[in-house]
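Residue-level structural notes
Read off the chains here:
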Amino acid sequence: MPDTGTSDAFVAFERVQKSYDGETLVVKDLNLNMPKGEFLTMLGPSGSGKTTCLMMLAGFETATHGEIKLDGVSINNIPPHKRGIGMVFQNYALFPHMTVAENLSFPLEVRKIGKSEREKKVMRALDMVEMGAFGGRRPAQLSGGQQQRIALARALVFEPELVLMDEPLGALDKQLREKMQFEITDLAHRLGITVVYVTHDQTEALTMSDRVAVFDDGRIQQLAPPDELYEAPQNSFVAQFIGENNTLEGVVKEISGGRCTVQLDGGEMIDAMPVNVSKVGERTRVSIRPERVEVNPELGEGAHTLKAKVKEFIYMGDIFRTRLSVAGNEDFVIKTRNRPDQVRLKPGEDVTIGWLPEDCRALDAQ
Amino acid sequence: MSDATGPDKFDGPTPDNALRQANKTSGPMLAADGKPLKKSLSRALRRQKLRALMLIAPLLIFVLVSFIAPIADMLFRSVENQIVSDTMPRTTEVLGAWDGQDLPPEEAFEAAYYDLYIAAEQRIHTRLGSRLNYELTGASSLFRKSGRGLDDIGEVYQDQFEDLDENWDEPMPWIELMGDPDWLAEQQEWAADEEGRQPRFELREGIDEILPRSAAQYAIFADFTQRVEEDNLLEEEPWSAVHTALYQDLASGDVSSYSGPRADMLQAAAALVASPEFETVAFIDGFEEIDEDWIEPPIWRTIKLYSPNYTSGYFLNSIDMQLTPDGAEARPENEQIYMLLFKRTLFMSLVITLSCILLGYPVAYILSNLPMRTANLLMILVLLPFWTSLLVRTSAWKVMLQQQGVINDVLVWIGLVADEQRLTMINNQFGTIVAMTHILLPFMILPMYSVMSTIPPSYVRAAKSLGATNWTTFWRVYFPQSIPGIGAGSILVFILSIGYYITPEIVGGTTGTFISNRIAYHISSSLNWGLAAALGTILLAVVLLLYWAYDRIVGIDNVKLG
Ligand SMILES: Nc1ncnc2c1ncn2[C@@H]1O[C@H](COP(=O)(O)OP(=O)(O)OP(=O)(O)O)[C@@H](O)[C@H]1O
Ligand SMILES: [Mg+2]
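The model shown is predicted, which means the values in this text are computed figures rather than measured ones.

Across its full length, chain A carries 8 helices and 20 strands. Seen through its principal axes, chain A has C-alpha atoms that stretch 75 × 50 × 35 Å. Expressed as a percentage of the 366 residues in chain A, the buried residues total 50%. Partitioning the intrachain contacts of chain A with sequence separation of at least 6 by distance along the chain shows that 67% fall at a separation of at least 24.

Residues annotated in UniProt with the feature "domain: ABC transmembrane type-1" (unreviewed entry) correspond here to residues 342–550 of chain B. Helix makes up 77% of residues 342–550 of chain B and strand 0%, and the two end C-alpha atoms of the span are 19 Å apart.

Right, let's get into the domain arrangement of chain A. What the domain assignment reports for chain A is domain 1 (11–231) and domain 2 (244–363). One C-alpha centre belongs to domain 1 of chain A, the other to domain 2 of chain A; they are set 40 Å apart.

Here we come to the sheet that holds strand 7 (residues 162–166) of chain A. All names here are of chain A. One open sheet holds the 6 strands; their spatial order is 6-7-8-3-9-10, and the pairing between them is mixed. One side of each edge strand has no neighbouring strand; the edge strands of this open sheet are strand 6 (85–88) and strand 10 (219–224). Neighbour to neighbour, the strand axes of the sheet diverge by 20° on average, direction disregarded. Inspection of the sheet shows strand 7 paired to strand 8 (residues 194–199) by 5 bridges, in the parallel sense. What sits directly across from Leu164, in strand 8, is Val196. Strands strand 3 (39–43), strand 7 and strand 8 of the sheet are contacted by helix 5 (residues 174–191), whose axis makes an angle of about 140° with strand 3.

It is worth spelling out the domain arrangement of chain B at this point. For chain B, the domain assignment lists domain 1 (7–76), domain 2 (105–293) and domain 3 (341–558). If you average the C-alpha positions of domain 1 of chain B and of domain 2 of chain B, the two centres end up 68 Å apart.

Another point: the pattern of salt bridges. Tallied over the entire structure, the rule returns 39 salt bridges over all chains. A salt bridge links Glu249(A) to Arg285(A), with the shortest nitrogen-to-oxygen separation between them at 3.2 Å. With a gap of 36 residues between them, Glu249(A) in strand 11 (residues 246–256) and Arg285(A) in strand 14 (residues 283–288) connect regions that are remote in the sequence. Its salt-bridge partner being Asp115(B), residue Arg90(B) comes within 2.8 Å of it at the nearest N-O pair. Remark: Asp115(B) occurs in helix 5 (residues 106–121) and Arg90(B) occurs in helix 4 (residues 89–96); sequence separation between them is 25 residues. Among the residues examined, Arg90(B) registers a relative accessible area of 31% and is labelled partly exposed.

All right, on to the interface of chain B and chain A then. Facing the 18 residues of chain B at the interface are 26 residues of chain A. Buried surface at the junction of chain B and chain A, both sides included, amounts to about 2000 Å², of which 62% is carbon and sulfur. Looking at the side of chain B facing chain A, the largest losses of area belong to Arg461(B), Leu466(B) and Arg476(B), adding up to 35% of the total buried there. In this structure, the connection of chain B to chain A is made through 2 salt bridges. Salt-bridge contacts for Arg461(B) lead to Glu61(A); the nearest nitrogen and oxygen are separated by 3.7 Å. Applying the counting criterion to the chain B and chain A interface returns 4 residue pairs in polar contact (both at pLDDT 80 or more). Elements with a contribution of two residues or more to the side of chain B that touches chain A: helix 22 (457–465) and helix 23 (470–498) of chain B.

Moving on, we come to the site of ligand 1. All names here are of chain A. Close contacts around ligand 1 come from Tyr20, Val26, Ser46, Gly47, Ser48, Gly49, Lys50, Thr51, Thr52, Glu167 and His200, and that covers them all. Contact distances for ligand 1 include 2.7 Å between an oxygen atom and a side-chain N or O atom of Lys50. At 2.4 Å from an oxygen atom of ligand 1 is found a side-chain nitrogen or oxygen belonging to Thr51. Computed on the free molecule, ligand 1 has an accessible area of 630 Å², of which 57% lies beneath the protein chains in the complex. For the shell around ligand 1, the residue count by class is 2 nonpolar, 7 polar and 2 charged.

Procedures and definitions
Residues numbered from 1 in each chain as written. Chains lettered and ligands numbered in written order. Predicted model: local features only at pLDDT ≥ 70, side-chain atom pairs only at ≥ 80, totals over all residues. Heavy atoms only, no water. Helix = DSSP H or I, 4+ residues; strand = E, 2+ residues; numbered from the N terminus. Buried < 20%, exposed > 50% of the residue type's maximum accessible area, 1.4 Å probe, protein only. Contact = heavy atoms within 4.5 Å. UniProt positions renumbered as here; feature names shortened; annotations may be inferred. Domains from an automatic or database assignment. Pairing = 2+ DSSP bridges. Axes fitted to C-alpha atoms, helices over the stretch in contact; angles between N-to-C directions. Salt bridge = Lys/Arg side-chain N within 4 Å of Asp/Glu carboxyl O. Buried area = accessible area lost by both parts, 1.4 Å probe. Polar contact = N/O pair within 3.5 Å; in protein donor to acceptor, adjacent residues only side chain to side chain. Near = heavy atom within 4 Å. Areas by Shrake-Rupley, 256 points an atom, 1.4 Å probe, with all protein chains shown as cover. Nonpolar A, V, L, I, M, F, W, Y, C, P; charged D, E, K, R; others polar.

Right, dumping it as structure tokens:
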């Protein structure tokens, strides 16, 4: 899966497994290599093992099997406080009995840094998150977004090379979250730090990361840059999990020259890109993004058309969302941009829809 | 402030801006209708407050009746001292003018005679005796004796008058001499069937001018007979104090001009008193006859000292001082006990609190870090001591700690202690501290646990990820956040132990008892409730003072009980 060579990896998981209870594996055979300076996001449904991976990296959980390396050195037996990894917690974990400035100078104090230098660094870190005036406050006297920034500043003040963040923006409202997303990526790139970021929110993952690792069932399902993830999902889980997706089920009839022909369960034959199918006769799930479907198409050579019946038309402002019944799938969705010349379909109408074979991916049937 | 009523004037809608803005402006904030915001708010809250008040009313009344009132009563008892002036009103008045040197004048003895005579008839002289006994040992028996002996003085006169004329020992002649004729008619009417209320005795007009003392004494006698004894006055001959008064009146006044009822009888008595054969007793001699102590100054000084209605005597006693004519002074060394007990109580409570912290903290820490199920299971073990009676637990410590007890046996068996040198671990401070630490430990663990289990584990993780060692993490991050639990537990344990009674009583011996044991002693054995109340009041004051000090030093908002 990962194509980065182990030699220049800054963070490396090698065949890591983790079980809490000795019966089920929460993390199954995790392999991951991260170069220095990368912003990697772990994305996945709840319970898929993201936090567990992060905790193993931070040293709060031990891997049941396998090795975790930092800068080429195995850190399996190094206690958390010696790993020098910055960490931002979901609830921020700012020490309530210390002021903001004391919170920030804490990691410097335990590193026995002199007082004047400590103050300088604290000030610099506070300025970095634009909270310079708040050094004397208690965390409880700050708003959620401000606490978030302080937590970030605290994780960065001792200049770690690797920073872990576990859903750091989960508690913020949408607007503030978008602002913070930008600030975090900006800071990370400016400081050149390596970040492992955990989130539930796929938009967050797509907008912030250099690469996204999609987790499910204790495994990385796909590790790729955001655009590749969206446009070229490697399996039906990723296709379903990232963005909206239409699926049609069928059987592979022919594979040749980077194309395959699939007979849908309704009998129609369509062409698709073979991604996760290997032989004729295999069941497959064909995936098409809603915005790649055209109504009454004038597509070029090789394009397909299928008959469809309009079930529902939803006006969403910038786009129209139309639900159709296609080849036995009652939930086939298409999205069209709101343009002056765009036709608004009416429920019950019979239409023809079509797409380019490149946009149609034949994936595993799960 | 009128220029900034809406948030739109602020730079941004963040709470900080609002705070800053509010700090900047002076003067009250105004509500939409122009009235001060505070006023509108308090009006809006009034209904809620009223409802809240009604909800707590039952408890409030209960507490008022069962808690506040007894405490107020106790505070009052610690200074109340009306018994002396109530029982001996004449004596205290005469003693008011006495300088306290040597013996008081004869009038004092006279007053004491009449006061005590009535008190003895009412059988309340022994109560006064016990009261004064707290201040002067021997007062109790002195008063008891005097109750019986006073009759001897009056009987001297009673017998002589009786020998002169049988009538002096009959009810009716006295009534005719003293009573108002109208009243007498009513009384006789009542006496026919003794139905309803006895008409209250009234003195005949003018009699109190001719025979002032006798009239006064007879009136007292009549009142006592009618009201307390509820006997028919017409059938009761007066007691000997009246005869004594009669002698005094006849000796000092002239009745020759008297012409009312029984004039001849009275004049004959006057002649007898004037004759040289008439035997008299000076009051002072009568008192000397009863007990030599009456002609020593101390008892009189004590009565004088405690004649005011309120006294600081109990409080002075509580701090090993005493009231003397020259003001308060320290008691002799060998009588001092309460200060020692107070100091010991405070010291031992502190030691117990401290050992509870030391023993309880690790337990609470472990409990709060275990999974819920296990923690609850172990919590039951912590609470297990509550399932057995306090008495049983304390007695169990007796079994454990005594010289032939389990611990000594084991120590001897291992060879750590020689058989003839078994350790004394009970009936001293050590025993009390051990047993009470054990008994009060749950009160320390529970609040600690409840505070610790609310400390998110992410704080510890955060500290470690920031590079802190286990110890630094504990000391700089975990411990400060567990302080409210220590505070709550300490206050609970300290206040409980400062007033603890049963355990020190059983295992304390003489060196391990608390002030509360002394209070209990005064409540139930010596019956010196005033002193018990004063001790209790001081204890309450000390606790409040410590509470206040705690608030100043640590801050009471730093205490979390749940
Ligand atoms: N301390 C623990 N003891 C036992 N099981 C645990 C423990 N922590 C997590 N698990 C289990 O491990 C699995 C993965 O948990 P993890 O916290 O890594 O999920 P996650 O991907 O972070 O989920 P979320 O997005 O909800 O945070 C879950 O099934 C969870 O129940
Ligand atoms: Mg998680």
